[in-house]
Amino acid sequence: MPFTQPVRIAPSLLSADFARLGEEVVNVIDAGADWIHLDVMDNHYVPNLTVGPLVCQALRPHTNAPIDVHLMVEPVDALIPQFAKAGANIITFHPEASRHVDRTLALIRDHGCKAGLVFNPATPLSWMDYVMDKLDVVLLMSVNPGYGGQSFIPATLHKLREARRRIDHWVAQGGQAIALEIDGGVKVDNIATIAAAGADTFVAGSAIFGQPDYRAVISAMRAELAKVTTQSV
Ligand code: DX5
Ligand code: ZN
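Quick look at the structure, then. (Residues numbered from 1 in each chain as written. Chains lettered and ligands numbered in written order. Predicted model: local features only at pLDDT ≥ 70, side-chain atom pairs only at ≥ 80, totals over all residues. Heavy atoms only, no water.)

1. Topic: empty space enclosed by the protein
Here is step 1: All chains considered together, the criterion is met by one cavity of 30 Å³ or more.
Here is step 2: Counted as a void, the largest cavity has a volume near 220 Å³.
Here is step 3: At the level of elements, β2 (36-41), β8 (201-204) and α7 (206-209) are the ones that each hand at least two residues to the lining of the largest cavity.
Here is step 4: Of the residues contributing to the lining of the largest cavity, the split by class is 11 nonpolar, 10 polar and three charged. (1 Å grid on protein atoms, 1.4 Å probe; cavity = no way out; pocket = protein on both sides within 12 Å on 5 of 7 lines; lining within 4 Å. Points joined across faces, edges and corners; volume = space filled by probe spheres on them. Helix = DSSP H or I, 4+ residues; strand = E, 2+ residues; numbered from the N terminus. Nonpolar A, V, L, I, M, F, W, Y, C, P; charged D, E, K, R; others polar.)

Structure follows, in structure tokens:
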């Protein structure tokens, strides 16, 4: 069965040149990327520190592509209106970092953005059980969050199949579409296997920004994705 859903490539700016971020956004979208993935780290929820809403706002005029804000922060809620105002299109957060997951998801949507939950490698999918109607994105971490350039954790493939099963069941019952995004260690040589396990949206940082020719990497990823004709769910 060929892919019936759109397949998206979302380069993570974490591995981009932070001195030329606007240019990097333009170049990677010109090279065929679909979303811009912006990793927000607070040195509290994760042991690293990156950027806030000001940088999102500064990048916004450089592209019409969706900006996918991945919040690795605790607490979560105060930053949501700020990122929405700064031009974010999608906002995802880690459920353990919010006292009230349902409220945080609603807050994101109330601010006009798509909302999603992020699952660390050891975080159970059961966090999504009672909030399926409020999800636009499910993001599975295939590394522990905090750094780019780590290796893909193979157990995530099984978790992806389970997440795909839950989403397909939800949609079959008349539920809204939910993107299934994967983040961490995605490369040209494993993207087909990851897609076959059910992902439709692929974050890649070091694999893209670590190479001089972004178009070559993204095209190679798309060529691998085109080979995936069966979803082994
Ligand atoms: C990790 C971030 C990822 C990271 C991915 O905490 O959420 O988005 O940038 O980097 P690569 O693709 O290099 O694993
Ligand atoms: Zn991320």
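What follows picks up the thread again.
2. Digging into the site of ligand 1
Here is step 1: Close contacts around ligand 1 come from 20 residues, with Gly146, Gly149, Asp183, Gly205 and Ser206 the closest.
Here is step 2: Contact distances for ligand 1 include 3.4 Å between an oxygen atom and a side-chain N or O atom of His37.
Here is step 3: In this structure, Gly205 approaches ligand 1 through a main-chain N or O atom, which is 2.8 Å from an oxygen atom.
Here is step 4: Surface burial for ligand 1 is 100%, taken as the share of its 380 Å² of free accessible area covered by protein chains. (Near = heavy atom within 4 Å. Polar contact = N/O pair within 3.5 Å; in protein donor to acceptor, adjacent residues only side chain to side chain. Areas by Shrake-Rupley, 256 points an atom, 1.4 Å probe, with all protein chains shown as cover.)

3. Observations regarding helix α1 (residues 21-30)
Here is step 1: For α1, the full list of buried residues reads Leu21, Gly22, Glu24, Val25 and Val28. Viewed along the axis of α1, the buried residues span an arc of 160°, placing them on a single side of the element.
Here is step 2: Looking at the buried residues of α1, the elements they touch are β1 (8-11), β2, α2 (53-59), α7 and α8 (214-226).
Here is step 3: Gly32 sits one or two positions beyond α1 and adopts a positive phi of about 110°. (Buried < 20%, exposed > 50% of the residue type's maximum accessible area, 1.4 Å probe, protein only. Arc of directions from axis to C-beta. Contact = heavy atoms within 4.5 Å.)

4. Comments concerning the layout of surface pockets
Here is step 1: In this structure, the largest pocket spans a volume of roughly 170 Å³.
Here is step 2: Arg8, Asp136, Ala177, Ile178 and Ala179 are, among the 13 residues lining the largest pocket, the residues nearest its centre.
Here is step 3: By residue class, the composition of the lining of the largest pocket is seven nonpolar, two polar and four charged.

5. A look at the coordination of the zinc ion (ligand 2)
When a metal carries six donors in an octahedron, the ideal angles between them are 90 or 180 degrees, while four donors in a tetrahedron ideally lie at 109.5 degrees.
Here is step 1: The protein atoms donating to the zinc ion (ligand 2) are His37 (NE2), Asp39 (OD), His70 (ND1) and Asp183 (OD), with metal-donor distances spanning 2.0 to 2.3 Å.
Here is step 2: For the zinc ion (ligand 2), the six donor atoms are set out with angles of 69 to 169° between them, so the coordination reads as octahedral.
Here is step 3: In the primary sequence, the donor residues of the zinc ion (ligand 2) line up as H-x1-D-x30-H-x112-D. Taken as a pair, Asp39 in strand β2 and His70 in strand β3 (residues 67-72) lie far apart in primary sequence, 31 residues in all. (Donors = N, O, S within 2.8 Å, 3.2 Å for Na, K, Ca; no water. Tetrahedral: all angles 85-135°; square planar, octahedral: opposite > 155°, others 65-115°.)

6. A closer look at the packing of aromatic side chains
Here is step 1: Evaluation of the coordinates by the stated rule reveals one aromatic pair.
Here is step 2: With a centroid separation of 5.1 Å and 75° between ring planes, the pair formed by Phe209 and Tyr214 is classed as edge-to-face. Tyr214 matches Phe209 in its accessibility class, with the two residues each being buried. (Phe/Tyr/Trp six-rings, centres within 6.5 Å; stacked < 30°, edge-to-face > 60°.)

7. Some remarks on the pattern of salt bridges
Here is step 1: The final tally for this structure, using the stated rule, is 14 salt bridges.
Here is step 2: The partner of Arg166 in a salt bridge is Asp129, and the shortest N-O contact between them spans 2.8 Å. Of this pair, Arg166 sits in helix α5 (residues 156-172) while Asp129 sits in the loop between β5 (114-119) and β6 (137-141); the two residues are 37 residues apart in sequence, bridging distant segments of the chain.
Here is step 3: Of the residues examined, Asp129 reaches a relative accessible area of 38% and is grouped as partly exposed.
Here is step 4: Salt-bridge contacts for Glu224 lead to Lys227; the nearest nitrogen and oxygen are separated by 2.7 Å. (Salt bridge = Lys/Arg side-chain N within 4 Å of Asp/Glu carboxyl O.)

8. Here's the deal with the environment of Ala84
Here is step 1: By secondary structure assignment, the location of Ala84 is in helix α3 (residues 79-85).
Here is step 2: Residues Ala84 and His111, spaced 27 residues apart in sequence, show a C-alpha to C-alpha distance of 6.2 Å.
Here is step 3: Beyond its immediate sequence surroundings of up to four residues, Ala84 is in contact with Ile91, His111 and Cys113.

9. Considerations on the nonpolar core
Here is step 1: Among the nonpolar cores identified, the biggest contains 72 residues, and Val69 and Leu71 are the most heavily contacted of them.
Here is step 2: With near-sequence residues (within four places) excluded, Leu71 lies in contact with Val40, Val76, Ile80, Phe83, Ile91, Thr92, Phe93 and His94.
Here is step 3: Grouped together as the second largest cluster of nonpolar side chains are six residues, Ala10, Ile90, Val137 and Val203 included. (Core = buried A, V, L, I, M, F, W, Y, C linked by side-chain atoms within 4.5 Å.)

10. Some words on the sheet that holds strand β7 (residues 179-183)
Here is step 1: The strand order β1-β8-β7-β6-β5-β4-β3-β2 describes an open sheet built from eight strands, whose pairing is parallel. The open sheet terminates on both sides in strands that have one partner only, identified here as β1 and β2. Recorded for the sheet is a direction-independent mean angle of 25° between the axes of neighbouring strands.
Here is step 2: The pairing of β2 with β3 spans six bridges and is classified as parallel. When the bridges of β3 are listed, His37 appears paired with Asp68.
Here is step 3: Taken strand by strand, helix α4 (residues 101-110) contacts β4 (90-93) and β5, and its axis lies near 140° from that of β5. (Pairing = 2+ DSSP bridges. Axes fitted to C-alpha atoms, helices over the stretch in contact; angles between N-to-C directions.)

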